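What follows is each chain in one-letter form.
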Amino acid sequence: MLAVLTGIPGTGKTTTAKKALEMLKTEGIGYEMITYGDVMFEIAKAKNLVADRDQMRKLAPDNQRVVQKDAAKKISVMAGTKNVIVDTHCTISTPKGYRARPT
C-alpha cells in the first residue's frame, strides 16, 4: 500500500506522518515512512550531480526531472513490497521560482 502525504514546507507533513505511523502501529499495521527528497538526494548523489542536499534545488530542470522520475520509480518498487507513507513537498523552490513535482 502506498500513501502520499504532500504539502508546502512547514505545514506539518512529517509530524502528521509520524503520528499516523504510531496510530497504525497500535492497530498492528506496519508502515515505513519515506521522504521523497531523501530518495532524490541519494539518486542525484549516486549520479555525481550533487555533493550536498542544498544543491538539489539548483540542478538544471532536465536533471531535476530525471532524478524525480527515478525517485518515483524507486519508491513505487518499494511500495510493491511493503506499506509506505511518502512524505513530500508539492513544490520545489528553485532559483527560477517554484516548480511542481511531476505526477
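Conventions used here
- Residues numbered from 1 in each chain as written.
- Predicted model: local features only at pLDDT ≥ 70, side-chain atom pairs only at ≥ 80, totals over all residues.
- Heavy atoms only, no water.
- Buried < 20%, exposed > 50% of the residue type's maximum accessible area, 1.4 Å probe, protein only.
- Helix = DSSP H or I, 4+ residues; strand = E, 2+ residues; numbered from the N terminus.
- Pairing = 2+ DSSP bridges.
- Salt bridge = Lys/Arg side-chain N within 4 Å of Asp/Glu carboxyl O.
- Expected span 1.5 Å × (residues − 1).

A. Summary view of the pairing of strand E3 (residues 84–89). In terms of residue burial, E3 counts as a mostly covered element, since 5 of its 6 residues are buried. Bridge analysis of strand E1 (residues 2–7) against E3 gives 6 bridges, and the strand direction is parallel. When the bridges of E3 are listed, Gly7 appears paired with His89. Two elements, strand E2 (residues 32–35) and E3, share 4 bridges in a ladder whose sense is parallel. Looking at the pairing, Glu32 lines up with Val84 of E3.

B. Fine view of the pattern of salt bridges. One pass over the full model with this rule turns up 7 salt bridges. One salt bridge connects Asp70 with Lys47, and the closest N-O pair in it is separated by 2.6 Å. Here Asp70 is found in helix H3 (residues 61–79), whereas its partner Lys47 is found in the loop between helix H2 (36–46) and H3, with 23 residues between them in sequence. Taking the relative accessible area as the measure of exposure, Lys47 reaches 39% and is therefore partly exposed. With a closest N to O distance of 3.4 Å, Asp54 and Arg57 form a salt bridge. The partly exposed category is assigned to Asp54, whose relative accessible area is 41%. Residue classification places Arg57 among the partly exposed positions, given a relative accessible area of 33%. What emerges from the salt-bridge pattern is a single network uniting Asp54, Arg57 and Lys58.

C. Structural view of helix H1 (residues 13–26). Taking 1.5 Å of rise per residue, 14 residues should cover 20 Å, and H1 covers 20 Å from first to last C-alpha, within 8% of that figure. Looking one or two places after H1, you find Gly28, whose phi comes out positive at around 80 degrees.

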